[in-house]
Amino acid sequence: MLSPTVDSVGDRLRQYGAVPSDVSPVSASLAVDIRTFPWIRRLASDYAFAYANVAPFFAGDPATPAAWADTIQRSQGYARQPAEIARIIAAQQDRRGAPPASRTAAAKLADPATRVVITGQQAGLFGGPLFTLLKALTTMKLAAKVEREHQVPVVPVFWIDAEDHDWPEVSGCTVLDAELAPASIRLADLAGAGHLPIARLSLNADSVTAVDQLEAALPDSEFKADIIASLRQAYAPGAGMATAFGTWIEEVLGPHGLVVYDSSDAAAKLLARDVFVTEVSQPGNTARIAARAGEALVAKGYHAQATLAAGTVSLFHLNAERAPVRVDGNQAYIGDRQLSLPQLVDEAKAHPDHFSPNVLLRPIVQDTVFPTICYVAGPNELAYLGQLKEVYAHFGVPMPLMYQRATATLADSATVRFLRKYDLPLTALRAQDEAALNQLLESQLPPTVEQSLAAASAAIAQGMAAVAAAVPQIDPTLEGTVKSTLGKLEHEVQSLHNKVIQAAKRKDETLRRQFQRAQALTFPQGHPQEREVGFVWFLNRYGPALVDRLIDELPLEMGHHWVLTI
C-alpha cells in the first residue's frame, strides 16, 4: 500500500508529533502497510492497528498520551539507584572515550526525575545490520518527543546485549559492492566463541583482516577513509568484541546524545541482585508465568515466542562458560556442577556478577537498573515481551510501554521513481526470480499484442471445442487425441507468449536494469535490506549526514515500513 501525497504524510507526522513543525516533511518517500509483508506476524500488526486485541498482554497503548502519563507516574514510584547507574555508565564512557554529548546525557541519569527510553541489540560486527541503527534512532527520537510533550527529562539508552553467546549472530557483516552484489565479511572464531558471553571474547589479528576485507568490499566514497580508520581503532586486536561494538555505536550516535550501556559490567550486577535472588529462591516461577501468558496468546490466535523446559531458572551462570541453571527439588545444576538450592541462593546474594539473565528475565533486570518508561522493540520481540506482564508483577517492577521500532528501506531517488512510475509494490522485488519483471514487461506490451494472443487462444479453444463435440460421433476413441492436440496448441501459444516477453526484455534492457538494480538494493539475496545490509554500508555511501537526515525524517508512526530517499 503506497502512501498518500508527500504533503499529507508530512501533515500526519506533524499531527502525531514525530517531527517538529520546523522540519521539512519526508521527501520522496513511500509508506508500506506492514500487514502486506508476509514475514510480519499478526501480533505485530495488531499491536499497531488493533491494540485492543493485545491490550491484556501489555502495559498500555503507546499511541495514547494517557498511557505515557500513567507509565511515567508508575516508573517514578519505583525506587532505583540513579546516582550509581550514572557512575557506572560514566566509567564505561571513560573506557570507550565517549563523545561529550553522550556523557552529558548520561549525567542526567543521576537525577531521580530522569526517565529512560531504551532499546538493545547484540554486538554485531561493525555495528550490525541497518535495523540496529533504526532501533537506536527510534529510541532517540521517541525520547525527545516524550520529553517535549510530558515535560520530564528523558534519556535514550542503547543496551548492548553483551552477555549473549550466539557467535554466528554477531560475527558477520554484509555490505554491497559497487555493483550492489552482497559481500559478507566474517570473523574467524575467537577463543571461547559459542560458549562464552560476547563480552568475554577478545579480538585478535583476524579483526585486522576483517577490516581489510570490509575496505575492499565497500565502494569508494569520500567518507570511506574516515570510516575505515574509526573501525580499525574500535576493532583493534585485544579489544573486547562488545567494547568494540559500543565504541563504534558511540562514535556514530554519541554526538547526538545516545547513551550506550554495556550490560556485562560486573559493577551493575549489584543493582540487579534482588532480581537474581528472587529468581533462584522461587525457581521456575518466571518460566511458568511466561508459559501461561504464552498459552493465552496462542488461544487468541497469536504465537508464543519463548518456551522453557520445566525446572529452568531464567538465569545463566557465568564461569568457564555461559551455562544454563536448572533446579530439581532442592538440588541445583549448573552444567555438570551440582549444588544445593540454598547454596545457589547464597551465591546469588554474594556474587551477583556470576549470573546473567535469559531472554525472559533480561527486561526485568533492565527496568530494575533503569527508570524505563518505554522499550523500543523489533516486531519479533513483541511476542516474548507479551508474555511478561505478570512476570513484571511477580518481581514488583513497573512494566514499561513497548514501541515498535521504525522499519525502513533506504533507497536512492532512482529506485523510488521506478516504484512510483510502475506502481510496483515493494514486496514484488523480494522473490529472487524474474516473475515480477515478466509481469511488469507484460503490462508494458502494446495492447494489440496481448489482445491478439488472447484472441488466438480463445479461437483455438472454441474451434477445438467444436471438434471435440463432433469427433465422438465418428470414433469415440479419438476424444483423447482431441484433448491432447488442444493441450499442444495451448502450449505453443503460451510458448509464443513467452518468446514475446523475452523479446520485450531484449528490447527494453533499461527497464530490466532498473528492476534488477532496485531488487538488489531493496531485497539483497531475497532478504529485507534492513536485516541484511550492515549500516556501515549506508554510512559509507551517505556519510555522517545520514544520521542527521534520519533524525529529521525517519517517521515514528507504527504500522508502516518506510522507503526513504536519502
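Residues numbered from 1 in each chain as written. Predicted model: local features only at pLDDT ≥ 70, side-chain atom pairs only at ≥ 80, totals over all residues. Heavy atoms only, no water.

### So, the side chain of S340
1) Next: Tracing the chain through its elements places S340 in strand β10 (residues 337-340).
2) Next: Look past the residues within four positions of S340 in its chain and what remains in contact with it is N330, Q331 and A332. (Helix = DSSP H or I, 4+ residues; strand = E, 2+ residues; numbered from the N terminus. Contact = heavy atoms within 4.5 Å.)

### A word on the packing of aromatic side chains
1) Next: For the structure shown, the criterion picks out 14 aromatic pairs.
2) Next: Summarising the aromatic geometry, the rings of W537 and F538 are spaced 4.9 Å apart at their centres and angled 85 degrees between planes, so their arrangement reads as edge-to-face. In this structure, W537 and F538 share a single accessibility class: buried.
3) Next: Members of the aromatic cluster, connected to one another through ring pairs, are F37, W39 and F523.
4) Next: Here the basic side chain of R322 rests over the ring of F316, its NZ or CZ set 3.9 Å away from the ring centre.
5) Next: Sitting over the ring of F131, R531 keeps its end group 4.6 Å from the ring centre. (Phe/Tyr/Trp six-rings, centres within 6.5 Å; stacked < 30°, edge-to-face > 60°. Buried < 20%, exposed > 50% of the residue type's maximum accessible area, 1.4 Å probe, protein only. Lys NZ or Arg CZ within 6 Å of the ring centre and 35° of its normal.)

### Here we look at the packing of helix α10 (residues 224-234) against helix α11 (residues 241-253)
1) Next: The geometry of α10 relative to α11 is characterised by a closest axis approach of 9 Å and an angle of 145 degrees between their N-to-C directions. Crossing of α10 over α11 shows right-handed handedness. Between α10, through I227, S230, L231 and A234, and α11, the contact on the second element is made entirely by A244, T247, W248 and E251.
2) Next: Tallied by class, residues from the contact of α10 with α11 come to 5 nonpolar, 2 polar and 1 charged. (Axes fitted to C-alpha atoms, helices over the stretch in contact; angles between N-to-C directions. Left-handed = near helix turned anticlockwise from the far one by under 90°. Nonpolar A, V, L, I, M, F, W, Y, C, P; charged D, E, K, R; others polar.)

### Concerning the sheet that holds strand β14 (residues 407-411)
1) Next: One open sheet accounts for 3 strands, arranged β1-β15-β14; its pairing is mixed. In this open sheet, the two edge strands, each paired with only one partner strand, are β1 (30-33) and β14. Ignoring strand direction, the axes of neighbouring strands in this sheet form an average angle of 20 degrees.
2) Next: With 4 bridges connecting them, β1 and strand β15 (residues 560-565) associate as antiparallel partners. Residue D33 lies in a different strand from β15, and its bridge partner there is H560. (Pairing = 2+ DSSP bridges.)

### Overview of the environment of L134
1) Next: Relative to the assigned elements, L134 resides in helix α7 (residues 130-150).
2) Next: C-alpha of L134 to C-alpha of G294: the two residues are 160 residues apart in sequence and 28 Å apart in space.

### So, the nonpolar core
1) Next: Ranked by internal contacts, the top residues of the largest apolar core, which has 169 residues, are F58, F126, Y235, L344 and F370.
2) Next: Of the residues forming this core, the biggest block, 9 residues, is contributed by α7.
3) Next: Among residues more than four places away in sequence, those in contact with Y235 are G124, L125, F126, G127, L203, S207, A244, F245 and W248. (Core = buried A, V, L, I, M, F, W, Y, C linked by side-chain atoms within 4.5 Å.)

### So, unusual backbone geometry
Trans peptide bonds make up most of the peptide bonds, and negative phi angles are found at most residues other than glycine.
1) Next: Non-glycine residue F126 carries a positive phi angle of around 60 degrees.
2) Next: Considering the arrangement of structural elements, one finds F126 in the loop between β2 (115-121) and α7.
3) Next: Notably, Q151 is not glycine yet its phi reads approximately 55 degrees, a positive angle.
4) Next: With respect to the helices and strands, Q151 occurs in the loop between α7 and β3 (154-160).
5) Next: For Q151, a relative accessible area of 69% corresponds to the exposed category.

### Looking at α10
1) Next: Along α10, the residues classified as buried are K224, I227, I228, S230, L231 and A234. All buried residues of α10 fall inside an arc of 160 degrees around its axis, so they share one side. Residues A225, D226 and Q233 are exposed on α10 and point more than 90 degrees away from its buried face.
2) Next: Against the buried residues of α10 lie α9 (206-217), α11 and α25 (535-542). (Arc of directions from axis to C-beta.)

### Some remarks on helix α15 (residues 341-350)
1) Next: Among all positions of α15, only L341, L344, V345, E347 and A348 are buried. The buried residues of α15 all sit within an arc of 160 degrees when viewed along its axis, so they share a single face.

### Some thoughts on the pattern of salt bridges
1) Next: Counting across every chain of the model gives 20 salt bridges.
2) Next: Residue R87 pairs with E84 through a salt bridge whose shortest N-O separation is 2.7 Å. With a gap of 3 residues between them, R87 and E84 both fall in helix α5 (residues 82-96), about one helical turn apart.
3) Next: Among the salt bridges present, the one from R96 reaches E250, with a minimum N-O distance of 2.9 Å. Residue R96 is found in helix α5, and its partner E250 is found in helix α11; the two are separated by 154 residues along the sequence. Per residue, the accessibility class of R96 equals that of E250, and both read buried.
4) Next: Each of D212, E215 and R232 takes part in one network of salt bridges that share partners. (Salt bridge = Lys/Arg side-chain N within 4 Å of Asp/Glu carboxyl O.)

### With respect to the pairing of strand β7 (residues 312-318)
1) Next: For β7, the tally of buried residues reaches 7 of 7 residues, placing the bulk of the element in the interior.
2) Next: What sits between β7 and strand β8 (residues 322-328) in their antiparallel hairpin is a turn of 3 residues.
3) Next: Bridging between β7 and strand β11 (residues 355-357) involves 3 bridges; their strand directions are antiparallel. Within the sheet, the bridge partner assigned to F316 lies in β11 and is S356.

### Here's the deal with the packing of α7 against helix α26 (residues 545-553)
1) Next: Running from amino to carboxyl end, α7 crosses α26 at an angle of 50 degrees, the nearest separation of the two axes being 10 Å. In terms of orientation, α7 lies oblique with respect to α26. Judged by the twist between their axes, the crossing of α7 over α26 is right-handed. Contacts between α7 and α26 involve L133, L137, M140 and K141 on the former and, on the latter, L546, V547, L550, I551 and D552.
2) Next: Within the contact of α7 with α26, the residues separate by chemical class into 7 nonpolar, no polar and 2 charged. (Parallel < 35°, antiparallel > 145°, perpendicular 65-115°, else oblique.)

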